[in-house]
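# Coordinate analysis (summary)
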Amino acid sequence: METALNAYLETQEATMIEELMTLIRIPSIGQRKAHWPDTHRVLEAMAEIVQRYGFQSEIVETAGCPAFIATLEVDPERPWLIVYNHMDVQPADEPQWRTMPFEPILKDGRIYGRGSTDDKGPALTTLHAIHFLHTQGYDLPNIQLVYETEEEDGSTHFGAFLDEVRERLHAPASILVSDTIFEGDHPAITYRLKGLLEAEAELITGTQDLHSGMVGGAAMNPLNVLIQALSRCVDARGNVTIPGIQEELPPVSPEEQETLSRTAEIFNLEKLIADTGNAQMYSGEALELLQRIWVRPTFEVHGFDGAQSEPDVIKTALPYAVKAKLTMRLVAGQEPKRVTELLEQCLQKVNPNIHVNVRGAVKGYMSPVDNLFMLEAVKACEKGFGKPPVFVGSGGTIGAIPEFERVFPEAPIVLIAQSLMSDGYHAPNENFQVKQLRNGMKTMAHYLSQIARLSTAK
């Protein structure tokens, strides 16, 4: 197969790059209503691409941005596999961009542009792996592509979409996802994802702003009070201190602790710091950082409504209403509703009028690493990337995963990373390396062919 794969890439690599550039040129920012038409355009572009490779496709409207299904049945006797990706992208407003984010370029072996590595490039490598196997006569399961355009906004309507199309989807033997990141130089198979709680903490103490020289020290400043309350939620070391949170955390098994320790031994901490713009870390120990990212909850304050933000100006007024923009990354097993209750109880110990309004909530996910699909993914990564993979957790959240788990509870979910931290995930100068395109396509081809054999043998 390796010779055939190289021959395919020789003839199709330029096509893959051009298809990726076509998708990048569409600013499919599902978070912004002004770009909702672009979410339709990107799926229309994908429909044209997949139809060239033998798929039957349809765009499905939701209450928000649309979703997409494409089907390729190769043999009624073979099992079905769902391949999930998302076609929406993050905004690209950062001043550090050295290129135009939606005008892709190929430079020094990298395709630059927003969405190149998250998640349009990985989607295309998997598609071409399918096309390679199908046209070259190799084993291949029946395939259903499921794409959405709201992943970057929490997959708000994905669950309702799955419920609507459930009868049109074939029950999958497994679900394949390629929307995660290498945690170093080794390929990665992600077995754990964090959940996400997005909320606003609000405090109102009057009906109008007040002059601090007239009533300062007498009238309550809600910004002061809210900051005091928020400080009870996290300490200076980044540890969540909300009463009840730590006590209710699911335990880390000895087997998983061993996985953490093995990964820490090969984890390149210096590269992580460089890839994150020399960010200051809470620890200089790789193992502790991995524990923080994978298996400990987080609490972050991202900004305030009702607070002054004009540069170089201080207005001597007390606000009457403020909101803090908050997120918590939750570990698998934590219930967002319960965490919200504990958060509000903690804040209300400072002031009973503080209220927490949930903007979005996604559960975490954890997969057993010893199922047959995971074991085949290990072999495929070794063949495609030339190195054994590591099982990794992720501090990120994919809102579609808990919904897949709910609708298809018997189907193992396999997450194979094709992107690197240095590719600029959610950052300026996002890019997808041509070598990752090649290695990712090879990995997916090996995996899909093995899955077809595995499932047929069963």
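Residues numbered from 1 in each chain as written. Predicted model: local features only at pLDDT ≥ 70, side-chain atom pairs only at ≥ 80, totals over all residues. Heavy atoms only, no water.

This paragraph deals with the packing of helix α1 (residues 2-24) against helix α3 (residues 116-136). Put simply, α1 and α3 touch, their axes get as near as 10 Å, and they point 140° apart. Note that α1 runs across α3; the crossing there is right-handed. On α3, the residues that touch A4, L5, Y8, Q12, M16, E19, L20, L23 and I24 of α1 are S116, K120, G121, L124, T125, H128, H131 and F132. A class-by-class count of the residues in the contact of α1 with α3 yields nine nonpolar, six polar and two charged. (Axes fitted to C-alpha atoms, helices over the stretch in contact; angles between N-to-C directions. Helix = DSSP H or I, 4+ residues; strand = E, 2+ residues; numbered from the N terminus. Left-handed = near helix turned anticlockwise from the far one by under 90°. Contact = heavy atoms within 4.5 Å. Nonpolar A, V, L, I, M, F, W, Y, C, P; charged D, E, K, R; others polar.)

What follows concerns the packing of aromatic side chains. One pass over the full model with this rule turns up eight aromatic pairs. For the ring pair F132 and Y138, a centre distance of 5.4 Å and an interplane angle of 25° mean the geometry is stacked. Residue F132 is classed as buried on the basis of its relative accessible area of 0%. By way of ring pairs, the aromatic residues Y84, F158, F161 and F404 are connected into one cluster. (Phe/Tyr/Trp six-rings, centres within 6.5 Å; stacked < 30°, edge-to-face > 60°. Buried < 20%, exposed > 50% of the residue type's maximum accessible area, 1.4 Å probe, protein only.)

This part is about the nonpolar core. Burial of nonpolar side chains together is a common tendency in soluble globular proteins. Grouped together as the largest cluster of nonpolar side chains are 76 residues, with contacts concentrated most on M46, F55, L127, I143, L145, Y447 and L448. If near-sequence neighbours (up to four positions away) are discounted, I143 is found in contact with F55, A70, T71, L72, W80, L81, V83, I130 and L448. Core analysis: the next-biggest nonpolar cluster, separate from the first, contains 26 residues, A199, L223, L326 and L343 among them. (Core = buried A, V, L, I, M, F, W, Y, C linked by side-chain atoms within 4.5 Å.)

Sheet analysis places strand β9 (residues 195-204) next to strand β13 (residues 321-330), joined by 10 bridges and oriented antiparallel. For I204, the partnering residue across the bridge sits in β13 and is A321. Relative to β13, strand β11 (residues 300-305) is paired through five bridges, and the arrangement is antiparallel. Bridge pairing in β13 links F304 to A324. (Pairing = 2+ DSSP bridges.)

A word on the pattern of salt bridges. For the coordinates displayed, the defined rule picks out 24 salt bridges. Note that R192 and E256 form a salt bridge whose closest N and O atoms lie 2.7 Å from each other. Separated by 64 residues along the polypeptide, R192 in strand β8 (residues 188-193) and E256 in helix α7 (residues 254-266) bring together distant segments of the chain. The same class applies to R192 and to E256, which are both buried. The structure contains a network of salt bridges with shared partners spanning E94, R114 and E430. (Salt bridge = Lys/Arg side-chain N within 4 Å of Asp/Glu carboxyl O.)

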